Amino acid sequence: MSLQWTFVACFLYAEICALIFLLLPFISPGRWQKIFKSRIVNRIAQNGHVYFLVFIAILTLFFLDAIREVRKYSLSEHELELASNPSADTVIHMKLFRAQRNFYISGFALFLWFVIRRLAVLTSIQATLIAANEASMKQAKSASDAAKRLMDERDKVKKEGDDKDESEKATSDEVTNKLNAAKQELQKTREDLRKAQLDMDAMRKQAESINREYDRLLKEHAQLQAKLEMSEDGKKDD
């Protein structure tokens, strides 16, 4: 294997390892979010879009070169060469095998590059929504406790009777105002929690759609591979 294809193969192995790590169930999205926001990752992410496009361009060039090699050694003109020189059969089939191997390596490397980027983005979004949901739950609980405490205070003030002086009435009005403010804050917190829940549902549906698209692409790739092998077998039989 030449140097450039060794690089592509190593890159593919690294992508597979990264994909496995991203799919490990015991690593939570929050922990991945901390890793993504670390100092080293942030330095790399400053030009991450450029790196992403550069690797796409490199892998696309390798993929197109592999397709050219497959077509080159699958042409019918080699049949004439084999007829005149039967010993070249082994050499041509060896080159065709290498071209097909390079085709699969570069194709999967390019495909997994898109999958890893999309999976990392979805993991980061999920971690953000989970953190927002937890914060909204804590805020809602705090507002509910404050409202309950203020309601108890208001009930206590009411039970003391109408013989209270003006200062106590002012205190009751103040408690009522605080209670109203707490109710408004609780309503706002509940609305934020509902929005966060809707965002999580939308992200879950998007993840399911991506999984279905991933399965569909794998099926199409398998069909294309089967067609390529059938065409090669047909040419060998001819």
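Residues numbered from 1 in each chain as written. Predicted model: local features only at pLDDT ≥ 70, side-chain atom pairs only at ≥ 80, totals over all residues. Heavy atoms only, no water.

1. Remarks on the nonpolar core
So, step 1. Of all hydrophobic cores here, the largest spans 26 residues; its most connected members are Val-8, Leu-59, Ala-109 and Trp-113.
So, step 2. Secondary-structure elements contributing two or more residues to this core are helix H1 (3-22), helix H4 (48-74) and helix H6 (88-159).
So, step 3. Counting residues in each nonpolar core, the second largest holds five residues, with Ala-147, Leu-150, Leu-179 and Ala-182 among its members. (Core = buried A, V, L, I, M, F, W, Y, C linked by side-chain atoms within 4.5 Å. Buried < 20%, exposed > 50% of the residue type's maximum accessible area, 1.4 Å probe, protein only. Helix = DSSP H or I, 4+ residues; strand = E, 2+ residues; numbered from the N terminus.)

2. A closer look at a nonpolar patch on the surface
So, step 1. A cluster of nonpolar side chains, namely Phe-7, Val-50, Tyr-51, Val-54 and Ile-58, defines an oily patch on the protein surface of about 420 Å² accessible area.
So, step 2. Here the element with the most residues in the nonpolar patch is H4; it accounts for four residues.
So, step 3. Here Tyr-51 falls in the partly exposed class, since its relative accessible area comes to 40%. (Patch = residues over 30% accessible without salt bridge, like charges linked within 9 Å, V, L, I, M, F, W, Y side chains within 5 Å. Areas by Shrake-Rupley, 256 points an atom, 1.4 Å probe, with all protein chains shown as cover. Salt bridge = Lys/Arg side-chain N within 4 Å of Asp/Glu carboxyl O.)

3. Observations concerning H1
So, step 1. An ideal rise of 1.5 Å per residue puts 28 Å on 20 residues; H1 measures up with 29 Å between its terminal C-alpha atoms.
So, step 2. The complete set of buried residues in H1 reads Trp-5, Val-8, Ala-9, Phe-11, Leu-12, Glu-15, Leu-19 and Leu-22. All buried residues of H1 project into a common sector of 160° when viewed along the axis, lining one side. Opposite the packed face of H1, turned more than 90 degrees from it, sit the exposed residues Leu-3 and Tyr-13. (Expected span 1.5 Å × (residues − 1). Arc of directions from axis to C-beta.)

4. Things to note about helix H2 (residues 29-36)
Counting along an α-helix, one turn takes 3.6 residues, and residues three or four places apart therefore face a common direction.
So, step 1. When we look at burial in H2, the residues that qualify are Pro-29, Trp-32 and Gln-33. Taken around the axis of H2, the buried residues stretch over an arc of 105°, which confines them to a single face. Of the residues in H2, the exposed ones pointing more than 90 degrees away from the buried face are Arg-31 and Lys-34.

5. Structural notes on the packing of aromatic side chains
So, step 1. Following the criterion strictly, the structure yields nine aromatic pairs and no others.
So, step 2. For the ring pair Phe-63 and Phe-103, a centre distance of 5.3 Å and an interplane angle of 25° mean the geometry is stacked. Of this pair, Phe-63 sits in helix H4 while Phe-103 sits in helix H6; the two residues are 40 residues apart in sequence, bridging distant segments of the chain.
So, step 3. Taking relative accessible area as the criterion, Phe-103 reaches 18% and is therefore assigned buried.
So, step 4. Cluster of aromatic residues (ring-pair linked, three or more members): Phe-7, Phe-11, Phe-52, Phe-55, Trp-113 and Phe-114.
So, step 5. Just above the ring of Phe-52 sits the side chain of Arg-117; from NZ or CZ to the centre is 4.5 Å. (Phe/Tyr/Trp six-rings, centres within 6.5 Å; stacked < 30°, edge-to-face > 60°. Lys NZ or Arg CZ within 6 Å of the ring centre and 35° of its normal.)

6. Re the pattern of salt bridges
So, step 1. Counting across every chain of the model gives three salt bridges.
So, step 2. As a salt-bridge pair, Arg-68 and Glu-69 come within 2.7 Å of each other at their nearest N and O atoms.
So, step 3. By relative accessible area, which is 44% here, Arg-68 ends up partly exposed.
So, step 4. We note a salt bridge from Glu-191 to Arg-194, for which the minimum N-O separation is 2.4 Å. In this pair, Glu-191 and Arg-194 are both assigned in helix H7 (residues 166-237), three residues apart and thus about one turn of the helix distant.
So, step 5. Given the relative accessible area of 43%, Arg-194 is considered partly exposed.
So, step 6. Several salt bridges converge on common partners, so that one network encompasses Asp-65, Arg-68 and Glu-69.

7. What to know about the environment of Leu-110
So, step 1. Its location among the elements puts Leu-110 in helix H6.
So, step 2. Put simply, Leu-110 and Ile-58 are 52 residues apart on the chain and 9.2 Å apart in space, counted from C-alpha to C-alpha.
So, step 3. Beyond its immediate sequence surroundings of up to four residues, Leu-110 is in contact with Ile-56, Leu-59 and Thr-60. (Contact = heavy atoms within 4.5 Å.)

8. Quick notes on the environment of Glu-185
So, step 1. Topologically, Glu-185 is positioned in helix H7.
So, step 2. Classification of Glu-185 as partly exposed rests on a relative accessible area of 41%.
So, step 3. Along the sequence, Glu-185 and Ala-147 sit 38 residues apart, while their C-alpha atoms lie 9.6 Å from each other.

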